[in-house]
Structures are given as C-alpha cells and as structure tokens.
Amino acid sequence: MTGTFVGMPAFPAAARDALDNAQLRANLDHATSTIRAKRAAVVGELEQWEALRIAGAAIKDDVLLRLDDHLLTLESALQDAGAVVHWARDAAEACRIVAEVARAHEADEVVKVKSMVTQEIGLNEALAAEGIAAWETDLAELIVQLGDDLPSHILVPAIHRNRSEVREIFLREMPDAPPGLTDDPARLAEAARMHLREKFLRAKVAVSGANFAVAETGTLVVVESEGNGRMCLTLPDVLVSVVGIEKVVPSWRDLEVFLQLLPRSSTGERMNPYTSTWSGVTAGDGPQEVHVVLLDNGRTRALADEIGRQALRCIRCSACLNACPVYERVGGHAYGSVYPGPIGAILNPLLRGVGSSDQVDSLPYASTLCGACYEVCPVLIDIPSVLVNLRAQVVDAHRSGLPKAEAVAMKTARATLSSSWRLALAERFTRIGLGAARRFGASAWTRSRDLPEAPQESFRKWWRRTGGRP
Amino acid sequence: MDDFDVRGLVQPMRVALQVTCINDALYPDTGRNVVRLLRRLGVDVEFPAAQTCCGQPMVNTGYINEAVPVLRTFVDAFAGYDAVVTPSGSCAGSVRHQHAIVSARAGDPLLAERSADLAPRVFELSEFIVDVLGVIDVGAWFPHTVAYHPTCHSLRMLGVGDRPTKLLEAVEGLTLLPLSEAEECCGFGGTFAVKNAGTSVAIGEDKVRNVLATGADVLVAGDRSCLTHIGGLLDRQRSGVRVMHLADVLAQTRPPGGGRR
Ligand code: SF4
C-alpha cells in the first residue's frame, strides 16, 4: 500500500465523493449482498450460534478485565518457546522495531501476511523510508498495493474493484503478467501466484500480524484463505509478528470458540481454509528467529472508556461492514482509516481520542443507528450504544469555544421540550417554519425530499379543544 | 398486568398516550387515529398534557446533558399511569434503552429509579394491542394493497417481531405485499438525514425502489420519522404511493352502510 489515509476529509465530504462513483456503488452492492447471504446461511445452520456469541463476548471481556496478567503470561510463554518479545507503545516504536530486525539481517525487502495492524501503524511506508520494500502477498492486498490504492474493507481490501479493473492493474503494474491475461478469476489468481512465488522463495524476512495470541502456550494464530500467509510464515528465516495487545486469549479452549465464530461471520464459511499456529522457534522447521511486537497504539486509551472498551473484543470479521447500509453506499475509503464501517466509526475515535481531529469526530455520526451491525457482530459489540456515547464525547469536547448552530438548537430544544406550554407555544410556529424551510433553508433535506404539509392544529391543541372526543 | 382485563373491568387500567413530538406537531391525525383505535378497543386512553418528547433527538445527537430535563418532564408526565402507549418504535426503544443512560448521566438516583420503574410500562402501539390487549383483529377495514416497512428501531431495538404484520393481515380488505430487503434501514437516522444527507438519500432511494417494485398503493410503518423521509422521497418522485402510519390504517372502519364483517 503506497497510498495514505493521512489528511482525509471528514466523513460527509469523503462520502459525497464516493456516492458520485456509480461503478464503486455497483461493486459494493454486489459484493456486500453476496457475503451477507453466505453469512446468513451458515450462521443459520448453527443452533447454538447465540450461545457462541455470548461465550465469545464473555471470554474477551474477561481478558480485558485482567489484560495485564494475560499479557505477562503470554510474554513468558513466548520467551520460553524461543521468541523475542518487544513492547511498543505506539506506531512509531513498532515500525522502528520491525525495521531494526530487517536491517540486522541486511534485508532490503520483506514479504507480508495480510494484517490489519501493520496497516494501522503504516508499516509499509515506514519501511520504505528505510529503503526496505514490503511486498503484500494476500491477493486483494496485492491488488491494492499494485494499484497504488487504499484498502476499503477489512477482509476484502479490494472490494471496490471488479475483475476487469483488477486485470487492468495487473497488466499495467506487474512486469511478469502474461500478455494475453483475461479477467477470468482463475487466470488472474494464476498470474498473481506466479508473481508472488518468486518473492516467497527469495525473501529472508516475513512480517505478519496475528488473529489471536494464546497466552498459555505462547502461540500465535493466523487465519487466512489463500495459503499465501502460510508461505510467509514458513519459508523465510526470520518472522516478525506485530500483535495488538487485545488479541490475547487465555487458552486453546477459548480459541475454539473464536475459530467457530470467525469464519462464519467473515467469509461465510463453516471452517477456515488455512489456520496457521506457531509457538516461538522449532529447530529445523520454519523460521529460526521469531520476534513478537506487542502493540498498544491507543488500545489502553480505548480500554479506559467504560462503554467503548467492548470494541476491543472485535475479531475483525467485517460482518458489520457487510451489514451496514452506510458502508454499502459509500465504501471504506470515506472512513479515512484502515478500519472502516461501523467498527471503524467507533474504533478510530477510541484509539485516537475524541477531539483529535474533525475527521475522527465525524465518524460517530456516520451511522443511522439502525443496529444491523450489532445484530451480526459475533462478539456482541453494541456498536449503536458506543456510537451514541462517542457522540456525547464529541459534543462535550466542543462545549467550550464558540457554540455551533447545532448546539444552540439543542439548547433551545432542551428549554422547549422540558415544558409542555413552551412546546405548545413553539408549535404555533410549525407552519411558518416548514413554509420557510420549503422556500429558503433546509436544503440538505429538500434537495431530494419533499417536506410534509404543516397541519392546521397540533394534536395537543385538538385534545384541549375536544378532550379527545370528536 | 395480567390481572387486568381492560374490558372486564376488575379495576380499570389507566392508559396514557405518548403521542410523540413529531406526531404532535406534524401528524396530529396519527395521534387522533391512535385515540380512535384504542377507544374502539375499549381503552379510555388519556393524554397527559404535560408531556413533550422522549429526548431521543438530543441523545442521538450527543446532547445527553440537554436530555436530562426532558427525561424529567417525561417521567413526571407518565409516572402515574399503568401503561403508556406510543405510536413509535423509536420512541419506545429510546425509553427502554436510553433513559437509563440519560439518568445515569444526570447523577440523580431518584430520577434513575423512577425512569427504570416506568420504562417497562411503555409500549409501542402494536405491542400494546397484541400483548396487553391480546387482540389481533382490531375490526379495521382498508381495501388497499399495502407494503410494510418494519423500521430499524421497532425491529432491532425493540423487537416487535411480526406483531404489526399480524395486525395488518387481519384487516379486512387489505392485501399485504412482500417488500424485498424489508429489514434494511431506510436511511433516515435522525440528524444523519441532514448531516449526511447524500448518503441518507442514497439509502432511501434503494428503499423507494423496493417499495415501488411491490406495486402497493400504500407504504405502512410504525414510525412517522422514517415515513417522513421515505414519503419525502416518494413525493419528490411523484410516485403516487402514499405513506401511512400503522395507526392510520388500523383506525379505518367500513363506512356506515358499507356493512360490517
Ligand atoms: S465489530 Fe463485530 S462484526 Fe464488526 S468486525 Fe469486529 S467482530 Fe466483526
């Protein structure tokens, strides 16, 4: 990925651009409705689905309550297994650690397993600045990287591209692309395979994230569909894994729950195709030097938010993206982060802090609060409630300083709605207000929608006149 | 609540109408239709004049502090009633799920207690008719084709399930047509409709397309706010499809001389 989310406009402006792109909307509509239907079918098969969700949420909550203990257990188990453990407070520290490992092996390139966290910390750009090339090996990430593009979905980062666009990108950017390449998915995959194979065999250092980190044995787990991840995890001599501190699960028995929840929620599959697990170093088998970078980067900030901390349960399945009516219309780029959709709308403000930028502060409002995300989330994150709570934080963060028109309106509403006589008085102006709005203002509403006709008398007035007995 | 029989009169149940601020100001006919309907079902519904709003518009915009006095007014207005009926899944949902958050924020234990006591007695209209009155056939007559949009807060926050469609199916003369992607949001979302107007309209246009595909004369829902948005789009397109609140349909009866079933 060579693009950057830095400097993205706030959500409403970014969404407007996306809405104008008819091709993007068609691609998104097709892709999200396909995944939605697959998920619904495989989730419907399991009678104990609700029990699994409750178990998943409970395990994660328990981890978050005693995160420090679990992390220390994980650290010592990793060390016992021969891994080197690093702690990183933020993105810069984590990137520096990875670069140092690569430099220690005089590597000028690394191969990468698809990972959200390395995108979150901008690792590819940081390595490039050090003269180290990072090759994405996941097919969709490769499409994004070759297209000098940005990911727009957690699971399918190139969801905004259709196959003819992919073919064009390959022909343009892949020196070894076969000249007669068609947009047949099998041919496209074959071209990518040829392109990547050489990199797997050449690279000395691999970089990954982890979906889970099992504390009791110091085992990292990567769940993927293509097998490219496994190539990265087994072929190079050196492996560096960047792991968010919320990824820890206490035991293998806990892992079992998530290995059922994740594939059904994300790809709509009963079981995940490639699940790789490794504990430190195994002599004569796989990488002989294993580093694990445990990353905070705002997670402890999120943990301190009583209502928001449930976002740290997230297993990045992306079911909430696929279910979201807003995401379906605008795509992932509008959220200005590698974490788009409903989870992005809460996770970014929680990690970066409300009030840190207008872009971050616009995200909690990027939702209709329809609740479709909560309904599908495998770990029961009540995204609508967290959104509402974050909106309150956004409002509070801006209470000092000049009040916005909205704040003035809400103060007026408070006064009006705390007393029925004031409301009755205000209602006398409904007709005038709506008439004025129709002619002059309220353009955000009236550009595409008519306004209702104002009634002759309010309900309240009618009741007073008739006692409710016409 | 099971001990009461509103028509058997062991002890008459005191029922209040929370008409909602939007119906009060913009759709008084819907409020009148709720009254007509409930009276027909034997409920002598009252309208506590001190009521204003449930506070949701403020809470959902992030102005929770501003919602505290509104919540106080709400509790004062309705605390004395055995049941409160509201023709809005969104307002009922707000009462049951948000009032606890608002009163916690107010740091007022008495308010928290009073609102927690009141919340379970607040019913969305279809819940009240089906669960409290135990009625499915309300004796309505409405000879039209109808599509029903479930609205997100009725469906997901409140979980009214198939109560509204059961009530509609029992209406004489009414043909309920299946709406595809019915459970998808209409794109209204309160202030979202203005803050992110383009996205709101894009979502709404897909809803409108599905509504038009049913060929129904009327689109029915249990929330006037969503209907204002969808209806605004339908009117702008000169579609000829009317939007009506569930109460507006259930209140209709066969005109005199038309003969009752
Ligand atoms: S919030 Fe829930 S649904 Fe969304 S990606 Fe995370 S786990 Fe999946």
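Residues numbered from 1 in each chain as written. Chains lettered and ligands numbered in written order. Predicted model: local features only at pLDDT ≥ 70, side-chain atom pairs only at ≥ 80, totals over all residues. Heavy atoms only, no water.

## Section: the overall build of chain B
Part 1 of the argument: For chain B, the helix and strand inventory stands at 14 helices and seven strands.
Part 2 of the argument: For 261 residues, the compact-globule estimate of 2.2 N^0.38 gives 18 Å, and the C-alpha radius of gyration of chain B, at 18 Å, lies within 12% of that figure.
Part 3 of the argument: The 261 residues of chain B split such that 61% are buried.
Part 4 of the argument: Within chain B, contacts between residues at least 6 apart in sequence are counted, and of these 80% link residues at least 24 apart.
Part 5 of the argument: Put simply, chain B shows about 9300 Å² of open surface, and 52% of that area lies on carbon and sulfur atoms.
Part 6 of the argument: Here chain B contributes 24 positively and 29 negatively charged side chains, and the mean placements of these two sets differ by 4 Å. (Helix = DSSP H or I, 4+ residues; strand = E, 2+ residues; numbered from the N terminus. Rg over C-alpha atoms; globule rule 2.2 N^0.38 Å. Buried < 20%, exposed > 50% of the residue type's maximum accessible area, 1.4 Å probe, protein only. Contact = heavy atoms within 4.5 Å. Areas by Shrake-Rupley, 256 points an atom, 1.4 Å probe, with all protein chains shown as cover. Lys, Arg positive; Asp, Glu negative; His and termini not counted. Charge placed at Lys NZ, Arg CZ, Asp CG, Glu CD.)

## Observations regarding the domain arrangement of chain B
Residues and elements named next belong to chain B.
Part 1 of the argument: Domain annotation of chain B identifies domain 1 (6-132) and domain 2 (145-250).
Part 2 of the argument: Taken over C-alpha atoms, the centre of domain 1 sits 22 Å from the centre of domain 2.
Part 3 of the argument: At the junction of the two partners, domain 1 supplies 27 residues and domain 2 supplies 19 residues.
Part 4 of the argument: Taking both sides of the interface into account, the surface hidden between domain 1 and domain 2 amounts to around 1900 Å²; carbon and sulfur atoms contribute 61%.
Part 5 of the argument: Looking at the side of domain 1 facing domain 2, the largest losses of area belong to Tyr27, Thr30 and Ser126, adding up to 20% of the total buried there.
Part 6 of the argument: Across the pair Arg163 and Asp131 runs a salt bridge, and its minimum N-O distance is 3.0 Å.
Part 7 of the argument: Between the two partners, domain 1 and domain 2, sit 12 residue pairs in polar contact (both at pLDDT 80 or more).
Part 8 of the argument: Listing elements by their share of the side of domain 1 that touches domain 2, those giving two or more residues are α1 (21-25), α2 (28-40), α5 (89-97) and α8 (125-132).
Part 9 of the argument: A per-element tally of the side of domain 1 that touches domain 2 places α5 first, with seven residues.
Part 10 of the argument: Tallied by class, residues from the side of domain 1 that touches domain 2 come to nine nonpolar, 12 polar and six charged. (Domains from an automatic or database assignment. Buried area = accessible area lost by both parts, 1.4 Å probe. Salt bridge = Lys/Arg side-chain N within 4 Å of Asp/Glu carboxyl O. Polar contact = N/O pair within 3.5 Å; in protein donor to acceptor, adjacent residues only side chain to side chain. Nonpolar A, V, L, I, M, F, W, Y, C, P; charged D, E, K, R; others polar.)

## A few points about the sheet that holds strand β4 (residues 205-208) of chain A
Residues and elements named next belong to chain A.
Part 1 of the argument: The parallel open sheet is built from six strands, whose spatial order is β1-β10-β7-β4-β2-β3. Across the chains shown, the open sheet's two edge strands, defined by having one partner strand only, are β1 (84-88) and β3 (133-136). Averaged over all pairs of adjacent strands, the angle between their axes in this sheet comes to 25°, without regard to strand direction.
Part 2 of the argument: In the sheet, strand β2 (residues 109-112) pairs with β4 via three bridges, with the strands oriented parallel. Paired with Val110 across the two strands is Val205, which belongs to β4. (Pairing = 2+ DSSP bridges. Axes fitted to C-alpha atoms, helices over the stretch in contact; angles between N-to-C directions.)

## Regarding the interface of chain B and chain A
Part 1 of the argument: Chain B puts 64 residues into the contact, and the matching count from chain A is 60 residues.
Part 2 of the argument: Summed over both partners, the interface of chain B with chain A comes to about 5300 Å²; 59% of that surface belongs to carbon and sulfur atoms.
Part 3 of the argument: Along the contact surface separating chain B from chain A lie 10 salt bridges.
Part 4 of the argument: Glu66 of chain B is the salt-bridge partner of Arg399 of chain A, the closest N and O atoms lying 2.9 Å from each other.
Part 5 of the argument: In this assembly, chain B and chain A are joined by 25 residue pairs in polar contact (both at pLDDT 80 or more).
Part 6 of the argument: Only α1, α2, α3 (56-59), α4 (64-78), α9 (152-158), α11 (192-195), α12 (197-214) and α13 (224-236) of chain B provide two or more residues apiece to the side of chain B that touches chain A.
Part 7 of the argument: Of the residues forming the side of chain B that touches chain A, the biggest block, eight residues, is contributed by α12 of chain B.

## Remarks on the pattern of salt bridges
Part 1 of the argument: As enumerated under the stated definition, the model contains 43 salt bridges over all chains in all.
Part 2 of the argument: Where Glu93 of chain A meets Arg89 of chain A, a salt bridge forms, and the shortest distance between an N and an O atom there is 2.9 Å.
Part 3 of the argument: Glu93 of chain A sits in the buried class, given a relative accessible area of 16%.
Part 4 of the argument: Classification of Arg89 of chain A as exposed rests on a relative accessible area of 63%.
Part 5 of the argument: The partner of Arg399 of chain A in a salt bridge is Asp396 of chain A, and the shortest N-O contact between them spans 2.7 Å.
Part 6 of the argument: According to the relative accessible area criterion, Arg399 of chain A is partly exposed, its value standing at 33%.
Part 7 of the argument: A network of salt bridges, in which partner residues are shared, links Arg36, Glu328 and Arg329 of chain A together with Glu184, Asp206 and Arg209 of chain B.

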